Amino acid sequence: MPLELLVSGGRIATLAGDRGFGWVEAVGITDGRVAFAGSAVDLETRADPFTRRIELDPDEVAIPGLTDAHLHLAEGGLSADRVDLTGTRSLDEGLEAIRAAASVLAASETWLEGHGWLRDRWGVWPTADDLERAAPGRPVALWAHDHHALWVSHRALRIAGVDATTTDPDGGIIRRDESGAPTGILHETAARLVMRHVPPPTAERAEAAVARLSRELIRLGVVAVHDPGALSLQEGLGPAIAGYRALDERDDLPIRVHASIRSEQLAAAITEGLRSGDPLGPPGGRARFGWLKLFADGTLGSRTAALLEPIEPEPGWPPAAGTERGIWLTPPDEVAALAARAAAAGIATQVHAIGDRACRATLDALEAVSSRTPLVPRLEHIQLLHPDDRPRFARAGIGASIQPIHVRSDAASARRLWGDRAETRGYPMRSLLDAGAIVAFGTDAPVEPIDPWPGLSMAVTRVDASWGADAKPFGPDERVTLEQALRAACIAPAVLAAETDRGRLVTGQRADLVVIPARAVSHPVEPGGALATARPRLVMIDGTVLFEA
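Residues numbered from 1 in each chain as written. Predicted model: local features only at pLDDT ≥ 70, side-chain atom pairs only at ≥ 80, totals over all residues. Heavy atoms only, no water.

Undergrad: Pulling in residues and values, what's your account of helix α17 (residues 453–461)?
TA: Owing to its 3.6 residues per turn, the α-helix brings residues three or four apart onto one side. Across the nine residues of α17, nine count as buried, placing the element largely inside the fold. Taken together, the buried positions of α17 are Trp453, Pro454, Gly455, Leu456, Ser457, Met458, Ala459, Val460 and Thr461. After α17 finishes, the residue Arg462 shows a positive phi value of roughly 60°. (Buried < 20%, exposed > 50% of the residue type's maximum accessible area, 1.4 Å probe, protein only. Helix = DSSP H or I, 4+ residues; strand = E, 2+ residues; numbered from the N terminus.)

Undergrad: Quick one: what's the story with the environment of Ala240, residue by residue and with numbers?
TA: With respect to the helices and strands, Ala240 occurs in helix α9 (residues 238–249). We classify Ala240 as partly exposed; its relative accessible area is 21%. In the structure, Ala240 is positioned 166 residues away from Ala74 in sequence and 5.9 Å away in space, judged by C-alpha atoms. Look past the residues within four positions of Ala240 in its chain and what remains in contact with it is Ala74 and Ala206. (Contact = heavy atoms within 4.5 Å.)

Undergrad: Describe the packing of aromatic side chains, with residues and values.
TA: To describe a pair of aromatic rings, you give the distance between the ring centres and the angle between the ring planes. Taken as a whole, this structure holds six aromatic pairs when the rule is applied. Aromatic pair Trp117 and Trp125: ring centres 6.2 Å apart, planes at 75°, arrangement edge-to-face. Accessibility expressed as a relative area gives 1% for Trp117, which makes it buried. Take Trp125: its relative accessible area is 14%, and that puts it in the buried class. An aromatic cluster is present here, built from Trp117, Trp122, Trp125 and Trp151 joined pairwise through their rings. For Arg378, the ring lying beneath its charged end belongs to Trp291, and the centroid distance is 4.4 Å. (Phe/Tyr/Trp six-rings, centres within 6.5 Å; stacked < 30°, edge-to-face > 60°. Lys NZ or Arg CZ within 6 Å of the ring centre and 35° of its normal.)

Undergrad: Tell me about the sheet that holds strand β1 (residues 5–8), and name the residues and values.
TA: Pairing is mixed in the open sheet, where four strands are placed in the order β5-β4-β1-β6. Two strands lie at the open edges of the sheet, namely β5 (33–38) and β6 (52–55), each paired on one side alone. Averaged over neighbouring strand pairs, the angle between their axes works out to 20° when direction is ignored. Inspection of the sheet shows β1 paired to strand β4 (residues 26–30) by three bridges, in the antiparallel sense. Looking at β4, one finds that Leu6 is bridged to Gly28. (Pairing = 2+ DSSP bridges. Axes fitted to C-alpha atoms, helices over the stretch in contact; angles between N-to-C directions.)

Undergrad: Tell me about the pairing of strand β7 (residues 60–64), and please be specific about residues and values.
TA: Counting buried residues along β7, five of its five residues qualify, which places the element largely inside the surrounding structure. One ladder, built from two bridges, connects strand β2 (residues 11–13) with β7; its direction is parallel. Its bridge partner being in β7, Arg11 is matched across the sheet by Val61.

Undergrad: Give me the lowdown on the environment of Gly28, citing residues and values where you can.
TA: Tracing the chain through its elements places Gly28 in strand β4. A relative accessible area of 0% places Gly28 in the buried class. Residues within four places of Gly28 in sequence aside, it is in contact with Leu3, Leu5, Leu6, Arg33, Val34, Ala35, Phe36 and Leu43.

Undergrad: I'd love a proper account of the pattern of salt bridges, names of residues and values included.
TA: Under the defined criterion, the tally for this structure stands at 41 salt bridges. A salt bridge links Glu75 to Arg82; the shortest N-O distance between them is 3.5 Å. Overall, the relative accessible area of 12% leaves Glu75 in the buried class. On the accessibility criterion, Arg82 (18% relative accessible area) is buried. As a salt-bridge pair, Arg502 and Glu499 come within 3.2 Å of each other at their nearest N and O atoms. Put simply, Arg33, Arg256, Glu499, Asp501, Arg502, Arg510, Asp512 and Asp542 are held in one network by salt bridges that share partners. (Salt bridge = Lys/Arg side-chain N within 4 Å of Asp/Glu carboxyl O.)

Encoded structure:
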């Protein structure tokens, strides 16, 4: 059969086999799949006058399309319409951004939502009193950078009925002043006390947000996403699932998506008979049902990650009594019970586990169900892991989903709060690969930017340009090679999702291909260098060009 499309003229990394780049000179594509990959001369014999051609420039290479294994696609799209405090360097800068956002909202009853503030960047915990200076009388709900603490206004607290008499919910902390009154910061599950009163987005709004962000991702070379679900409580299967379905049914979903659910959505999924990997739209569509997403512990930044040893002493801010080793958002026995219930229905589980105690307990829970589901059960984040637990991933067939870009924002805090163990146990990419684990990379957007390339660079260097010229790598023994980083971004996510026909550019695989500058892979990987700043010139999915610069 003649080739429909021939990509040639440069080097193409097929990622064939278990290691290496698998360089070839040309790839031939028919019916959206790779028909042949090899020398340009051999493929020319299979072309005819009707074969379309894409010629790579000498300074370009092609690689398989990237999959972001942890990106909140619907939430990330929706966040574009909310106030973003990520770039603010102080509380006063943050309040200026909030004041500007509030000024364009017509009704005083309209909720102001946003994200991106960071206590460690601002140097203080913000308060509801602060919000009165920028958005007086308005209901406000602003997620922290890690989405594990919520900054709310006095009006929001009154709507939720949260006051000095409100007890901390299981897995949550209401930050209080000396009199016991809420200050305006709600940690972990305490955020639900307010968020349940924030109007949820409509399915139509979620559709528009997904379509918009998907197009941005394609321009960055991302052809597929594992969406670990909403960042707030959901009813039924939620607006994001409805949005993915509607887009896919109209053939308007630009990228492939595996969409996960939270625990409160599990009953609805079971009632509908959904199994992990099932299409959400038409058979052969791009939207599929993913995992049950659970939360074992909190985060580094919120001082709520569950640890085997207590957090390091922090002058001026002692941890609340009983939280020196973090907190459980979901107790280990409940994680195990939910994972078992989901597995019985054919639904795999992914668990947010950041501290080493949370990782150990989650491995205990998932080992019992690891072979019972269509997709691979997995831990998310794994920012601190005891060496004894490294071999357990491969042994039990449990995936490791890690976001290397977190090292950029977390290194200083990890060193301060976790001490020496931060660099010997922290963000264990290389040691997990050496132990045989499936390690998949993502960004955790909108917690971090959607751009995957700085994260790939960080995985290789473990140092960022923003740290200064004399900065030392964080946990240098955990650095991976460029080839390993690409495989974690291209192949491993497909393996976790049981997609045997994606991730490589070899015969029979889907023709998801990205053309990038050759220097991104040929130059030494350096902080802020060619890999970190790479921008595709062309991106195709199933052999169709969806972006060309």
